[in-house]
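# Overview (structure and organization)
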Amino acid sequence: MIGIFDSGIGGLSVFREVYRMLPEESYIYFADSAHCPYGEKSREYVIGRAREITEFLIKEGADIITVACNTATAAAIATLREEYSDPLKHETARRVLEMSGGARDHVKFIGMEPAVKPAAEMTRTGVIGVLATAGTLSGMKYRTSREMFAKGIKVVEHVGSGFVELVEQGITEGKKAEDTVEKSIRPLLDAGADVIVLGCTHYPFLMGTIRKIAGPHVRIIDPAPAVARHLMEVMSGDGLLPKTATDPAGRQDVNGIPDVKLYSSGNPRTLEEAFNKLIRN
Ligand code: DGL
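So, a few notes on the structure that sits alongside this text. (Residues numbered from 1 in each chain as written. Predicted model: local features only at pLDDT ≥ 70, side-chain atom pairs only at ≥ 80, totals over all residues. Heavy atoms only, no water.)

### Some thoughts on the sheet that holds strand E6 (residues 154-159)
Strand order across the open sheet formed by four strands is E6-E5-E7-E8, with parallel pairing between neighbours. Edge strands, defined here as strands with exactly one partner in the open sheet, are E6 and strand E8 (219-221). When the angles between neighbouring strand axes are averaged without regard to direction, this sheet yields 20 degrees. Of the strands in this sheet, strand E5 (127-132), E6 and strand E7 (195-198) touch helix H9 (residues 175-190), which is tilted by about 170 degrees from E6. Packing against the sheet, helix H10 (residues 207-214) makes contact with E7 and E8, and its axis sits at approximately 150 degrees to E8. (Pairing = 2+ DSSP bridges. Helix = DSSP H or I, 4+ residues; strand = E, 2+ residues; numbered from the N terminus. Axes fitted to C-alpha atoms, helices over the stretch in contact; angles between N-to-C directions. Contact = heavy atoms within 4.5 Å.)

### Concerning the site of the ligand
Taken together, 14 residues surround the ligand, and among them Ser7, Tyr38, Gly39, Thr71 and His202 come closest. In the model, an oxygen atom of the ligand is placed 2.8 Å from a nitrogen or oxygen of the Asn70 main chain. In this structure, an oxygen atom belonging to the ligand sits 2.6 Å away from a side-chain N or O atom of Thr71. Coverage of the ligand by the protein chains reaches 99% of its 300 Å² of free accessible surface. Of the residues assigned to the shell around the ligand, the class counts are six nonpolar, seven polar and one charged. (Near = heavy atom within 4 Å. Polar contact = N/O pair within 3.5 Å; in protein donor to acceptor, adjacent residues only side chain to side chain. Areas by Shrake-Rupley, 256 points an atom, 1.4 Å probe, with all protein chains shown as cover. Nonpolar A, V, L, I, M, F, W, Y, C, P; charged D, E, K, R; others polar.)

### Describing the pattern of salt bridges
Between side chains of opposite charge, a pair can form as their charged atoms come close. Summed over all chains, the structure comprises 18 salt bridges. Across the pair Glu91 and Arg94 runs a salt bridge whose closest N-O atoms are separated by 3.1 Å. With a gap of three residues between them, Glu91 and Arg94 both fall in helix H4 (residues 90-99), about one helical turn apart. Here Glu91 falls in the partly exposed class, since its relative accessible area comes to 42%. Glu157 is paired through a salt bridge with Arg146; the nearest N and O atoms lie 2.5 Å apart. Residue Glu157 is located in strand E6, and its partner Arg146 is located in helix H7 (residues 140-149); the two are separated by 11 residues in the primary sequence. Overall, Glu157 belongs to the partly exposed group, its relative accessible area being 29%. A single network of salt bridges, built from pairs that share partners, joins Arg16, Glu17 and Arg20. (Salt bridge = Lys/Arg side-chain N within 4 Å of Asp/Glu carboxyl O. Buried < 20%, exposed > 50% of the residue type's maximum accessible area, 1.4 Å probe, protein only.)

### Some words on the nonpolar core
Of all hydrophobic cores here, the largest spans 56 residues; its most connected members are Ile2, Leu12, Leu22 and Tyr27. If one sorts the elements of this core by residue count, helix H11 (residues 224-237) sits on top with seven residues. When residues no more than four places from it in sequence are discounted, the contact partners of Leu12 are Tyr29, Phe205, Leu271, Ala274, Phe275 and Leu278. Ranked by size, the runner-up nonpolar core spans 25 residues in total, among them Phe5, Ile28, Tyr38 and Val107. (Core = buried A, V, L, I, M, F, W, Y, C linked by side-chain atoms within 4.5 Å.)

### Some words on the packing of helix H2 (residues 43-60) against helix H3 (residues 70-84)
At a closest axis distance of 9 Å, the pairing of H2 and H3 adopts a crossing angle of 55 degrees. Classified by the angle between their axes, H2 and H3 sit oblique to one another. As H2 runs across H3, the sense of the crossing is right-handed. For the pair H2 and H3, contact is made by Arg43, Val46, Ile47, Ala50, Arg51, Thr54, Glu55 and Ile58 and by Thr71, Ala72, Ala75, Ala76, Thr79, Leu80, Glu83 and Tyr84, respectively. A breakdown of the residues in the contact of H2 with H3 according to their chemical character gives nine nonpolar, three polar and four charged. (Parallel < 35°, antiparallel > 145°, perpendicular 65-115°, else oblique. Left-handed = near helix turned anticlockwise from the far one by under 90°.)

### A word on unusual backbone geometry
Residue Cys36 is joined to Pro37 through a cis peptide bond whose omega torsion reads 5 degrees. Here Pro37 shows up in the loop between strand E2 (26-31) and H2.

### Focus: the sheet that holds strand E3 (residues 64-67)
The five strands are arranged E4-E3-E1-E2-E9 in an open sheet whose pairing can be described as parallel. The open sheet has two edge strands, strand E4 (108-110) and strand E9 (259-264), and neither has a second partner. Going from strand to strand, the sheet's axes swing by 20 degrees on average, the running direction of each strand aside. In the sheet, strand E1 (residues 2-6) pairs with E3 via four bridges, with the strands oriented parallel.

### Overview of the packing of aromatic side chains
In this description, a pair of aromatic rings is defined by centroid distance and the angle of the planes. Going through the model one piece at a time under the given rule, you end up with eight aromatic pairs. Between the aromatic rings of Phe15 and Tyr27, the centroid separation amounts to 5.0 Å while the plane-to-plane angle is 85 degrees, which identifies the pairing as edge-to-face. You can see Phe15 sitting in helix H1 (residues 12-21) and its partner Tyr27 sitting in strand E2, a full 12 residues away along the chain. Here the aromatic rings of Phe15 and Phe275 are separated by 5.5 Å at their centres, their planes lie at 45 degrees, and the arrangement is tilted. Placement of Phe15 in helix H1 and of Phe275 in helix H13 (residues 268-280) is noted, with a sequence separation of 260 residues between them. The rings of Phe15, Tyr19, Tyr27 and Phe275 are connected pair by pair, giving a single aromatic cluster. Between the NZ or CZ atom of Arg16 and the centre of the ring of Phe205, over which it lies, the distance is 6.0 Å. (Phe/Tyr/Trp six-rings, centres within 6.5 Å; stacked < 30°, edge-to-face > 60°. Lys NZ or Arg CZ within 6 Å of the ring centre and 35° of its normal.)

Below is the structure:
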C-alpha cells in the first residue's frame, strides 16, 4: 500500500499522477488540514507532524511513503529516512516491525524534487521563476539544486501568498483566485521568466488561473509526474510492484475507481470533495 501525505489536500495533485501510473495499487492519503499551512511553521514543528503521520501510515499498512509536500520534504525527509528507513539499525527495525504488526522492518520515503533542473534546461530568456512556500525556499534541498542546476540562469523566487488557503477552501478560479495569483506571479513575469516551477503541491490546483495570467508563452512545470515516475522506479527496484504495473500492455482495467483510504486531521468532507472533483477531471 502506498502512503501519501501533505499538509492538506495539495498532495492530491501528486496522488493523481501516481494513480495514473499505478491504477491497481492500494493507497492511503493523509491530509493534515488541521495543521495547514506548513509553509510558515518552524522546521521542528513540521518534523513533529511528519513523524506522527508516518507512524499512522505505517500502522495502517503503508509499504512506502510519498511525502507529497515540498515543505515537509525540505524540513523532514532526512529525519524520516534516518528514523524509519534503515532496517540495519536495530531500534528502527524493532519500532517499524512493532508499528506494522510484523509486516515490515522499514519503509522508504519519496520526496518532492524542486524542478529547477528541467526549468533551467527549458528557459530561452535565461530567467526562471520558482513559486513555493517560505519553508521550501529556505530549505537546503532547494538551495542545493538551485546552485547545481541553475548556473548562469537567473532564478526569481516568490512565495505563492494565499495560494494554499485558497486551494484548501476549494477556490481555484474566479476573481479572488486571479487577484491572489497575479500578485505573486507578476514579479516573476516582470523579471522575464518564461518558465515557472510550481514548488508546492497545492499550486497545481490553480494551474488554470496561473496559465491565464502567465499567458501562452510561459511554461509551467508541475514536478508531480517526475515524482510519480521516481516512486514507480523505487517500488519496482524493491519488488513492491506486480509485473503488470511496469508493463502498460498488461494492466487491467480498474474501472477508474481508485482503491484509496482518505484521512484528514481537519474536515474530512473537504478532502472527500477535493478528491471527487479531482477524480472527475
Ligand atoms: N503543499 C505543501 C507544499 O508542497 C505545503 C503548503 C503549506 O502547507 O504551506 O509545500
